[in-house]
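# Residue-level structure breakdown
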Amino acid sequence: MFELDKALLAVYNFLQGWFISVGIPVLVLDLLVMLFAGIMVIVVLLLAALFLVWWERKVSAHIQDRLGPMVTGPHGTLQTLIDALKLLQKEDTVPASADKRVFFWAPVLAFVAAFMAYIVVPFGKGLIARDLNIGILYIIAITTFTVISLLMAGWASNNKYALLGGMRSAAQIVSYEVPLTLSVLGAVMLSGTMSMNEIVEAQGPYFWRWYWLPQILGFGIYLIAATAETNRTPFDLPEAEQELVAGFNIEYSGMKFAMFFLAEFVNMFTVSAIATTLFLGGWQPPIPGLSFIPSWVWFIGKTLLMVFVFMWFRWTYPRLRVDQLMGFAWKFLLPLALINIFLTGLGVYIFR
Amino acid sequence: MGAIKDTFKGFWNLLIGLKTTAKYLPTRAVTLQYPYERWPMPERSRGVVVLLTDPDSGELNCNACLVCMRQCPVSAITVTQAKNEKGERYPDSFTIDNTICCFCGICEEVCNFDGIKLTGKYEFSTFNKADLFYDKQKLQELGRDVKYEKKKKPKPAPKPAAPAAETAPESAPKPNDTAEDKS
C-alpha cells in the first residue's frame, strides 16, 4: 500500500523539472494540476454517488429481508449505472407554465453546490484540493446553496406540490442550519482552527482523542441536524411521498432529475465526510500501529461508515410532523447546542 | 426533571429501533428470484390441463367417452370420437380452449380412465390468442412425463370370468364356513 500524496508529489516534481527544461512557465503546470484535482474530485464523487445509490437500495432491502437489485452485474452492482444511462436517454420535459430559465438552472445549482464543498475536504494526508484557513465555514456556506436550488425548483415548476416541497425544505434547512453550525463550533474550539486539514491533524492517531468523545453532545446534534440538512428520513418532509407526491422535483425528468438525485447522494457523502473530519479523526488511523494502511483508505472507510449510519436511520425511523420538526430544531437542538458550546468553552478553559 | 427523563427515554427508544433494524440486516432474505428459481408446485395444484399417456403402450389413456366434454361447466373441451381397426374408440380430435377454461378440475374428477389431469404448470401466456387453443398433439406433449396415480385398478386379466363367478357367493356372509374355506 502506498500514500497517494507522495506519488502525486513525485509526479509533480518530475513534471516541474520537465516544464522548466522545455521552457513552459510553471504557471501552466499549476493550472493543469488544479484542473486535474477538480476532475478527480468530480469523477470520484460521481462514482461514489453511483455506489451509494446501489448501497442504499441494498441496505434497505436487507433490513426488510429482501434482496434488492440482483440482476444487472454481480449482486446488481451495475444497476445504478444502467439507471443513469436510461435517464440520459429520456425526454427532457418542461411544463408549459414553468419559469423556464429558473427551471433550467435549479438542478445545475444543486449539482454545482454539492460538488463545491469538496474543495476543502481532506481525502487523505495531503489529498486536499485547497486547504482554506476557513474551510469549515466555507463548507457550511456552500452547502446552504442547496436551499436556493430546491426553492428555485419548487417555484419554477409552477406546481403546488413542488412549491410546498420547496417551501418546506427551505424552512427546514434554514432552521437546522443553526444547530448544525453551532455543533460544528465545538470541534473548532477544541482544535483552535477552521482549516479542515489542521482539525484532522489536531486530533492525532488515537481514537479516544478524536472529538467524538469530548464532543459527544456536539456529535449527536450534528448527526440529527445533518440528517435534516440532507432531507433524509426522519426529516424528509420536502419529499414526503404521501403528501407531496415527490416534492420539489416532481416536474423534473431525464437528466435534470438525475442531477437532483445525484446531488442528494453527494450531499449525503458531504455531511458524512464532514462528520468524519470533525469528529472521527479524518484520515488518521485509530491507533498509530495501523498507519501502514494509507490515509485515504481510512477516510473513505470512516465516511462510508457514517453514510451507513444515515441509511440505517432512514430505514428505521418514521417521518416527523411539520410542527414537531420545527419545535425540535428551535426548542431542543438549539439550546442543547448552546449548552454544548458553553461546556466546551468551560472545558477548554479548565484543561488548558 | 420529568422532561429530561423523557428526553433520555425517547433517545433510548430510538436506539431500540436501530437495534431492531440491525437485527434484521444480516438475516437471510425471503425473496425467491422468480424467473431463475421457482417454488415446487403441489401435486394437486390446478394449472394447465393435459392428456395422460399410458407409460407402457405410449398411447393416450383417453377413450373418447365424452364425459369430460359433457361435464365441463364452461364448455372448454371439444372431443370427436373415432374408431380404430380393432374397433376401439379413441379421440380423433381433443381441443381445450384455455381462454375460457376455469381450472375447476371437474374433467379430471369425472374421468374414469385417467385420461385427463390438471398439472402444476402455470406459465402459458402467449402474444397470440389462438395459441391458447390446445389440440391433441399439444395436450399429449404436455402430459407426456406427468406422473399420475391410477384411479382405476387394472383388471386381473388372466382369469377373466371364472374367478368373478366364484367371488360373488364368497362375498355373502357365511359365518359357519369361513374357517373351512380359508383352510
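For the structure itself, look to the data block above.
What you see is a predicted model, and the numbers here were worked out from it, not measured in a lab. (Residues numbered from 1 in each chain as written. Chains lettered and ligands numbered in written order. Predicted model: local features only at pLDDT ≥ 70, side-chain atom pairs only at ≥ 80, totals over all residues. Heavy atoms only, no water.)

## What to know about the interface of chain A and chain B
The interface is formed by 16 residues belonging to chain A together with 17 residues belonging to chain B. In total, about 1,400 Å² of surface goes out of reach between chain A and chain B, with carbon and sulfur atoms giving 69% of it. A per-residue breakdown of the area chain A buries against chain B is headed by Asp65(A), Trp312(A) and Tyr317(A), which together make up 37% of the total. Where chain A touches chain B, the interface holds zero salt bridges. (Contact = heavy atoms within 4.5 Å. Buried area = accessible area lost by both parts, 1.4 Å probe. Salt bridge = Lys/Arg side-chain N within 4 Å of Asp/Glu carboxyl O.)

## Describing the sheet that holds strand 3 (residues 89-97) of chain B
Sheets are built from strands paired through backbone hydrogen bonds, the pairs being either parallel or antiparallel. Residues and elements named next belong to chain B. Spatial strand order, 2-3-5: three strands in an open sheet with antiparallel pairing. This sheet does not close on itself; its edge strands, each paired only once, are strand 2 (77-83) and strand 5 (133-134). Across seven bridges, strand 2 lies against strand 3 in antiparallel orientation. Its bridge partner lying in strand 3, Thr78 is registered against Thr95. (Pairing = 2+ DSSP bridges. Helix = DSSP H or I, 4+ residues; strand = E, 2+ residues; numbered from the N terminus.)

## Here we look at the packing of helix 6 (residues 145-156) of chain A against helix 7 (residues 160-191) of chain A
How two helices sit against one another is set out by the angle between their axes and by the gap between those axes. All names here are of chain A. Their axes nearest at 7 Å, the elements helix 6 and helix 7 cross at an angle of 160°. In this view, helix 6 runs roughly antiparallel relative to helix 7, as classed from their interaxial angle. Where helix 6 crosses over helix 7, the two elements pack in a sense that is left-handed. Residues Val147, Leu150, Leu151, Gly154 and Trp155 of helix 6 pack against Ala162, Leu163, Gly166, Met167, Ser169, Ala170, Ile173 and Val174 of helix 7. Within the contact of helix 6 with helix 7, the residues separate by chemical class into ten nonpolar, three polar and no charged. (Axes fitted to C-alpha atoms, helices over the stretch in contact; angles between N-to-C directions. Parallel < 35°, antiparallel > 145°, perpendicular 65-115°, else oblique. Left-handed = near helix turned anticlockwise from the far one by under 90°. Nonpolar A, V, L, I, M, F, W, Y, C, P; charged D, E, K, R; others polar.)

## A few points about the pattern of salt bridges
In the structure shown here, the tally under the stated rule is seven salt bridges over all chains. The salt bridge partner of Asp92(A) is Lys256(A), with a shortest N-O separation of 3.4 Å. Within this pair, whereas Asp92(A) is found in the loop between helix 3 (79-89) and helix 4 (100-116), its partner Lys256(A) is found in helix 11 (residues 254-279), the two being separated by 164 residues in sequence. The class of Lys256(A) is buried, set by a relative accessible area of 8%. For Glu123(B), the salt bridge goes to Arg38(B), with nearest N and O atoms at 2.9 Å. Pair noted here: Glu123(B) is in the loop between strand 4 (116-118) and strand 5 and Arg38(B) is in the loop between helix 1 (2-24) and strand 1 (49-51), with a separation of 85 residues, a long-range link. On the basis of relative accessibility, which here comes to 42%, the residue Glu123(B) falls in the partly exposed class. The class of Arg38(B) is partly exposed, set by a relative accessible area of 45%. (Buried < 20%, exposed > 50% of the residue type's maximum accessible area, 1.4 Å probe, protein only.)

## Considering empty space enclosed by the protein
Residues and elements named next belong to chain A. Enumeration over the complete set of coordinates arrives at three cavities of 30 Å³ or more. As a volume, the largest cavity reaches approximately 270 Å³. As for the largest cavity, its lining consists of 21 residues, and the residues nearest its centre are Thr143, Thr146, Glu229, Thr230 and Asn267. Of all the secondary structure elements, the ones that give two or more residues to the lining of the largest cavity are helix 5 (135-143), helix 6, helix 7, helix 9 (216-229) and helix 11. Examining the composition of the lining of the largest cavity, we find that six residues originate from one element, helix 11, more than from any other. Within the lining of the largest cavity, the residues separate by chemical class into 13 nonpolar, five polar and three charged. (1 Å grid on protein atoms, 1.4 Å probe; cavity = no way out; pocket = protein on both sides within 12 Å on 5 of 7 lines; lining within 4 Å. Points joined across faces, edges and corners; volume = space filled by probe spheres on them.)

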